[in-house]
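Understanding the architecture of this molecule
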Amino acid sequence: MTERTTDPTAPRGHHRDTDPGVVVVVAGAVYDQGRLLAARRSAPAELAGRWELPGGKLEPGESPEEALVRELREELGVETEPGERIPGEWPLKPGYVLRVWTARLLSGVPRPLEDHDELRWLARHELDSVDWLDQDRPAVAEAALRLPAA
Ligand code: DCM
């Protein structure tokens, strides 16, 4: 798959990376001991009960990696170290895109503090056992390929 970061409707050389009109949502493929962390959303109603890679919106002035570390701390109460970006970008609602980084758990035990009501650590063979949000599925498939051994 070819990654496209350029908006085809924008003037030549205009990149979404610098487009203030697009809200970037960063999410983490959080690894620990060969398993991937899945989080079940508790809100909004149309997403509740579906599973996602935890994360949230980039704030002004933040790098994506800083935003990811902050969101995982706020939502799960853990410290993480971002790794590589998973290639690709997935549309959410209009004006929002999802980008995903791998992240390693450094400390803490994840708890569903905000936005989630259940968490699960999934081994590779368990990744299909939860109902992922459609937009997260390609990133989860890529994350599975990068799951380190336990
Ligand atoms: N979102 C998503 N997949 C993720 C993380 C977030 O589809 N892995 C969506 C849900 C919301 C928006 O991004 O529409 C903002 O997320 P939040 O409400 O967690 O800030």
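Above this text you will find the structure in question.
Residues numbered from 1 in each chain as written. Predicted model: local features only at pLDDT ≥ 70, side-chain atom pairs only at ≥ 80, totals over all residues. Heavy atoms only, no water.

Some remarks on the pattern of salt bridges
- Applying the stated rule across the entire model yields 17 salt bridges.
- Among the ionic pairs, Glu 71 bridges to Arg 70, the shortest N-O distance being 3.1 Å.
- One salt bridge connects Arg 104 with Glu 81, and the closest N-O pair in it is separated by 3.0 Å. Here the residue Arg 104 occupies a position in strand E6 (residues 96–107), and Glu 81 occupies one in strand E5 (residues 79–91), the gap between them amounting to 23 residues.
- You can call Arg 104 partly exposed: its relative accessible area is 45%.
- Put simply, Glu 59, Glu 62, Arg 70, Glu 71 and Glu 74 are held in one network by salt bridges that share partners. (Salt bridge = Lys/Arg side-chain N within 4 Å of Asp/Glu carboxyl O. Helix = DSSP H or I, 4+ residues; strand = E, 2+ residues; numbered from the N terminus. Buried < 20%, exposed > 50% of the residue type's maximum accessible area, 1.4 Å probe, protein only.)

Focus on the site of the ligand
- The immediate surroundings of the ligand are formed by 17 residues, with Arg 41, Glu 52, Leu 53, Gln 135 and Asp 136 found nearest.
- Taking Asp 136, its side chain carries an N or O atom lying 2.6 Å from a nitrogen atom of the ligand.
- Elements with a minimum of two residues in the shell around the ligand: strand E1 (23–32) and strand E4 (55–57).
- Examining the composition of the shell around the ligand, we find that 3 residues originate from one element, E4, more than from any other.
- The class makeup of the residues in the shell around the ligand is 7 nonpolar, 3 polar and 7 charged. (Near = heavy atom within 4 Å. Polar contact = N/O pair within 3.5 Å; in protein donor to acceptor, adjacent residues only side chain to side chain. Nonpolar A, V, L, I, M, F, W, Y, C, P; charged D, E, K, R; others polar.)

Description of the pairing of E5
- Here E5 pairs with E6 via 8 bridges, running antiparallel. Residue pairing across strands places Ile 86 opposite Val 100, the latter belonging to E6.
- Counting the residues between successive antiparallel strands, the hairpin from E5 to E6 contains 4 residues, one of them, Gly 95, with a positive phi of roughly 85 degrees. (Pairing = 2+ DSSP bridges.)

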